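Understanding the architecture of this molecule
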Amino acid sequence: MGNRRLYWHIGNSKKFQNPKPKFQDIMKKQKIYNLEDRTYLFARECRFFIRTLPKTLSNIEDGKQLIRASGSVGANYIEANEKLGDKDFLMRVKIARKEAKETQYWLRLLRDLNDGAKPKAEELIQEAVELRNILSSIINKKLP
């Protein structure tokens, strides 16, 4: 009986647990310049952001649109590899840029609906703008 308590105590002790760092902390500590990783983290952050919003019908619908758009930014960039050829590569990057702009729109809408979500939404809007600018610079470099 005594041993069982001892093991229970060790298992639940904070000393023996290794908490995983939050994605927000990772993004603040180091700016990830690999666009693939940044778009992945951005989509995850959008998902976490939506979980914090009150579950109203409009929030759910707008949230779905935001998740689709934010996920599509990363998906289109990942598919835009050099093997596609310049034309297809540019098309994918242009779609990713359009999706980044769309996520910005949905984030602004959700920020306006919920005043409590403003700080986090502002942070994500900045990230969407930054991703859009990076994608625009890739397009400008590739165009003759």
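My aim in this report is to walk through the structure given alongside it, one point at a time. (Residues numbered from 1 in each chain as written. Predicted model: local features only at pLDDT ≥ 70, side-chain atom pairs only at ≥ 80, totals over all residues. Heavy atoms only, no water.)

Quick notes on the pattern of salt bridges
The test is simple: Take a side-chain nitrogen of Lys or Arg and a carboxyl oxygen of Asp or Glu: if they are within 4 Å of each other, that pair is a salt bridge. In this scheme, a residue with accessible area under 20% of its type's maximum is buried, one over 50% is exposed, and one in between is partly exposed, where area comes from a 1.4 Å probe on protein chains only. Strands are runs of DSSP state E lasting at least two residues, helices are runs of H or I lasting at least four, and both sets are numbered from the N terminus onward.
Scanning the entire structure with this criterion turns up eight salt bridges. Between Lys118 and Asp115 there is a salt bridge whose closest N-O contact spans 3.8 Å. Since its relative accessible area comes to 56%, Asp115 is described here as exposed. Glu123 is the salt-bridge partner of Lys120, the closest N and O atoms lying 3.4 Å from each other. Note that Lys120 and Glu123 are positioned in helix α6 (residues 118-142) at a spacing of three residues, about one turn of the helix. A network of salt bridges, in which partner residues are shared, links Arg38, Glu127 and Glu130.

Quick word on the packing of aromatic side chains
To keep it simple, the criterion reads: Two rings from Phe, Tyr or Trp (for Trp, the six-membered ring) form a pair when their centres sit within 6.5 Å of each other. Planes less than 30 degrees apart are called stacked, planes more than 60 degrees apart edge-to-face, and all others tilted.
Counted by the stated rule, this structure contains one aromatic pair. Residues Tyr105 and Trp106 carry aromatic rings whose centres are separated by 5.0 Å and whose planes lie at 70° to one another, so their mutual orientation is edge-to-face. Classification of Tyr105 as partly exposed rests on a relative accessible area of 48%. A relative accessible area of 14% places Trp106 in the buried class.

Some remarks on the packing of helix α3 (residues 35-52) against helix α4 (residues 57-79)
Packed helices, taken two at a time, are described by the angle their axes make and the gap between the axes. Selection rule: What counts as an axis is a line fitted to C-alpha atoms, over the stretch in contact for a helix, and the angles between N-to-C directions run from 0 to 180 degrees. Note on angle classes: values under 35 degrees are labelled roughly parallel, values over 145 roughly antiparallel, values of 65 to 115 roughly perpendicular, and the remainder oblique. Only heavy atoms matter for contacts: two residues are in contact if any of them lie within 4.5 Å across the pair. The classification used treats Ala, Val, Leu, Ile, Met, Phe, Trp, Tyr, Cys and Pro as nonpolar, Asp, Glu, Lys and Arg as charged, and all other residues, Gly among them, as polar.
Close contact between α3 and α4 brings their axes to 8 Å; oriented N to C, the two are set at 170°. Taken together, the axes of α3 and α4 are roughly antiparallel relative to one another. Across the interface between the two elements, Leu35, Glu36, Thr39, Phe42, Ala43, Cys46, Arg47, Phe49 and Ile50 from α3 touch Gly63, Leu66, Ile67, Ser70, Gly71, Val73, Gly74, Tyr77 and Ile78 from α4. Partitioning the contact of α3 with α4 into residue classes produces 11 nonpolar, five polar and two charged.

With respect to the nonpolar core
The nonpolar side chains of a soluble globular protein tend to be buried with one another. How we decide: Take the buried Ala, Val, Leu, Ile, Met, Phe, Trp, Tyr and Cys residues and link them wherever side-chain atoms come within 4.5 Å; each set so joined is a nonpolar core.
Ranked by internal contacts, the top residues of the largest apolar core, which has 26 residues, are Phe42, Phe49, Leu66, Val93, Leu107 and Leu135. Elements with a contribution of two residues or more to this core: α3, α4, α5 (86-113) and α6.

Description of the environment of Leu107
Inspection of the secondary structure assignment puts Leu107 in helix α5. For Leu107, the contacting residues outside a window of four places in its chain are Phe42, Phe49, Leu66, Ala121, Leu124 and Ile125.

What about α3?
Just so we agree on the cut-off: Expected span of a helix: the number of residues minus one, times 1.5 Å.
Across its 18 residues, α3 extends 26 Å between first and last C-alpha, which sits within 8% of the 26 Å expected from 1.5 Å per residue. For α3, the full list of buried residues reads Leu35, Arg38, Thr39, Leu41, Phe42, Ala43, Glu45, Cys46, Phe49 and Ile50.

Some words on the environment of Glu123
Residue Glu123 is classed as partly exposed on the basis of its relative accessible area, which comes to 37%. Distance in space between the C-alpha atoms of Glu123 and Leu107 is 9.9 Å, their sequence separation being 16 residues.

A closer look at the packing of α5 against α6
We apply this condition: When the near helix sits turned anticlockwise from the far one by under a right angle, the crossing is termed left-handed; a clockwise turn instead gives a right-handed crossing.
Look at α5 against α6: their axes get within 9 Å of each other, and the N-to-C directions meet at 160°. Taken together, the axes of α5 and α6 are roughly antiparallel relative to one another. α5 and α6 meet at a crossing whose hand is left-handed.

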